[in-house]
Amino acid sequence: MSDMKDALLLGSEGIKKTILHGGSGDIPKFVTGVKVTFHFRTQLCDDERTVIDDSKAVGTPMEIVIGNMFKLDIWETLLSSMRIGEVAEFWCDTVHTGVYPLVSKSMRRIAEGKDPVDWHIHTCGMANMFAYHSLGYEDLDELMKEPKPLYFVLELLKVQQPREYDRETWALSDEERLKAVPVLHGQGNKLYKQGRYQEATQKYKEAIICIKNVQTKEKAWDVPWMKLEKMANTLTLNYCQCLLRMEEYYEVIEHTTDIINQHPGIVKAYYLRGKAHVEVWNEAEARQDFSRVLDLNPGMKKAVKKELAILNMRMEEKNKEDKLKYKGIQKPFSIKPGKEETSSSKTEKLWL
């Protein structure tokens, strides 16, 4: 068995493999376009073997397509040494694990339902989407500051050749992905105008996936990366417009805040976040966002005036409700969040 391990991982320094459970059959052919399904567990090399991530705990196996520049490309090397059903532990030195915190953050956000894409698709391309300053997870911040060797325990479940599965957007070539983006964008806009918001979000999601998969291959903040970032932000904000109509206000606040933190000059992000704050009665935050909209684009004065009128009306209703509560009288709101059609709908349509 040791000869096989040495031969398969020859030329890959900083990797040690231990087979925990033998697989069956020959080692599959891991050619470009092959879809690989597997479970993974990531652990620190401390005495407790602290678990960082575990796909079985999430309940969904991981899927990647070979040759699609998955951000953690070392996994392709590890998987290509395995048989179906095999469980193996790989010790990987820091040269292979430096990017892991970014990939882990992306996967965690999907598992928590915080990113606008599906789990198996997301992991292929969203790693850089919110990568700035803190990653939002203390253990990952520690790993970013001081990369460490890691253990990856992988269980190979399935290997499918390109002809054996449907080629979804995440399995396209970069050229095909970029051609798909304007088509998906247009389809999303059409569905939005028809009031089919849930369906529109799916189109915007697919387009974001295409862009982010390509973007992972570019150097962050370089011109090609920034062009893709601009496209992705436009689509994410369209996605947020749909969420507003679907009354998912807190999710809108989260996505727009992520964009603002990286790109503080995007007017639409402040405008949509302001509208979401209005809906959940965050008066100070809403006023602050609309003030920023006017700073960046004084031409938005009319639209902002309408939104502030809606905010005043909402706060008046809420104050009445609060007074009634203090008196021990329960009375339903006369206005429910998100149910009325605001006069700013025309403005929204112009943003698409």
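Residues numbered from 1 in each chain as written. Predicted model: local features only at pLDDT ≥ 70, side-chain atom pairs only at ≥ 80, totals over all residues. Heavy atoms only, no water.

The name an unreviewed UniProt entry gives the protein is Aryl-hydrocarbon-interacting protein-like 1, with Astatotilapia calliptera as the organism. The UniProt entry for the protein carries the following comment under Function (unreviewed entry): "May be important in protein trafficking and/or protein folding and stabilization." (UniProt positions renumbered as here; feature names shortened; annotations may be inferred.)

**Some points on the overall build of the protein**
The helix and strand inventory of the protein stands at 15 helices and 6 strands. Within the protein, buried positions represent 49% of all 352 residues. Looking at the protein alone, contacts between residues at least 24 apart form 73% of all its contacts between residues at least 6 apart. Carbon and sulfur atoms form 51% of the exposed surface of the protein, whose accessible area is close to 17300 Å². (Helix = DSSP H or I, 4+ residues; strand = E, 2+ residues; numbered from the N terminus. Buried < 20%, exposed > 50% of the residue type's maximum accessible area, 1.4 Å probe, protein only. Contact = heavy atoms within 4.5 Å. Areas by Shrake-Rupley, 256 points an atom, 1.4 Å probe, with all protein chains shown as cover.)

**Focus on the packing of helix H12 (residues 267-279) against helix H14 (residues 301-326)**
When two helices pack together, their arrangement is given by the angle between their axes and by how far apart the axes lie. In the contact formed by H12 and H14, the axes pass within 9 Å of each other and the chain directions differ by 15 degrees. Regarding the angle of H12 to H14, the classification is roughly parallel. The two elements H12 and H14 meet at a crossing, and its hand is left-handed. Across the interface between the two elements, Tyr271, Lys275, Val278 and Glu279 from H12 touch Ala303, Glu307, Ile310, Leu311 and Arg314 from H14. Looking at side-chain class alone, the contact of H12 with H14 contains 5 nonpolar, no polar and 4 charged residues. (Axes fitted to C-alpha atoms, helices over the stretch in contact; angles between N-to-C directions. Parallel < 35°, antiparallel > 145°, perpendicular 65-115°, else oblique. Left-handed = near helix turned anticlockwise from the far one by under 90°. Nonpolar A, V, L, I, M, F, W, Y, C, P; charged D, E, K, R; others polar.)

**What about H12?**
One full turn of an α-helix is made of 3.6 residues, so residues set three or four places apart face in the same direction. For H12, which comprises 13 residues, the first-to-last C-alpha distance of 19 Å matches the rise-based estimate of 18 Å (1.5 Å per residue) to within 8%. With 13 of 13 residues buried, H12 lies mostly within the body of the structure. A positive phi of about 60 degrees marks tryptophan 281, the residue just after H12. (Expected span 1.5 Å × (residues − 1).)

**Considering the packing of aromatic side chains**
With the rule as written, the count across this model stands at 8 aromatic pairs. Measuring from centroid to centroid gives 5.5 Å for tryptophan 75 and phenylalanine 152, while their planes differ by 90 degrees, and the two rings are edge-to-face. Of the two residues, tryptophan 75 is situated in helix H3 (residues 74-79) and phenylalanine 152 in strand E6 (residues 150-160); the sequence distance between them amounts to 77 residues. Like tryptophan 75, the residue phenylalanine 152 is buried in the burial classification. Relative to phenylalanine 290, the ring of tyrosine 271 lies with its centre 6.1 Å away and its plane at 65 degrees, an arrangement referred to as edge-to-face. In this pair, tyrosine 271 is assigned in helix H12 and phenylalanine 290 in helix H13 (residues 283-296), connecting sequence segments 19 residues apart. As far as the burial class goes, tyrosine 271 and phenylalanine 290 line up, both buried. Seen from the ring of tyrosine 151, arginine 49 lies directly overhead, with NZ or CZ sitting 3.7 Å from the centre. (Phe/Tyr/Trp six-rings, centres within 6.5 Å; stacked < 30°, edge-to-face > 60°. Lys NZ or Arg CZ within 6 Å of the ring centre and 35° of its normal.)

**Re the pairing of strand E5 (residues 87-92)**
Across the 6 residues that make up E5, a large majority, 5, are buried. Relative to E6, E5 runs antiparallel, the two sharing 6 bridges. Opposite valine 87, over in E6, you have glutamate 155 as the bridge partner. (Pairing = 2+ DSSP bridges.)

**Quick notes on the confidence of the model for the protein**
The predicted model of the protein averages 81 in pLDDT, with 79% of residues at 70 or higher. Confidence drops under a pLDDT of 50 for residues 1-8, and excluding neighbours within four residues, the segment shows 6 contacts in the predicted structure. Note on residues 116-133: pLDDT is under 50 here. Beyond four places in sequence and across chains, it has 64 contacts. (pLDDT = per-residue confidence, 0-100.)

**Notes on the nonpolar core**
Membership of the largest hydrophobic core comes to 44 residues, with the highest contact counts inside it found for Tyr204, Leu235, Tyr271 and Val293. Of all the elements in the fold, those that place two or more residues in this core are helix H8 (174-193), helix H9 (197-215), helix H10 (223-245), helix H11 (249-262), H12, H13 and H14. No other element matches H10, which puts 9 residues into this core. Residues Ile15, Phe40, Ala88 and Tyr100 belong to the second largest nonpolar core, which totals 31 residues. (Core = buried A, V, L, I, M, F, W, Y, C linked by side-chain atoms within 4.5 Å.)

**Regarding unusual backbone geometry**
Of note in the backbone geometry, tryptophan 221 takes a positive phi value of approximately 75 degrees without being a glycine. You will see that tryptophan 281, though not glycine, has its phi angle at about 60 degrees, which is positive. Mapped onto the secondary structure, tryptophan 281 falls in the loop between H12 and H13. Since its relative accessible area comes to 23%, tryptophan 281 is described here as partly exposed.

**Re the environment of isoleucine 84**
In this fold, isoleucine 84 is placed in the loop between H3 and E5. Isoleucine 84 sits in the partly exposed class, given a relative accessible area of 29%. Discounting chain neighbours no more than four positions away, the residues touching isoleucine 84 are Gly23, Ser24, Pro28, Leu156, Leu157, Lys158 and Val159.

**Some words on the UniProt feature "repeat: TPR" (unreviewed entry) in the protein**
The feature "repeat: TPR" (unreviewed entry), as annotated in UniProt, sits at residues 267-300 in this numbering. The span residues 267-300 is 79% helix and 0% strand, and its two end C-alpha atoms sit 9 Å from each other.

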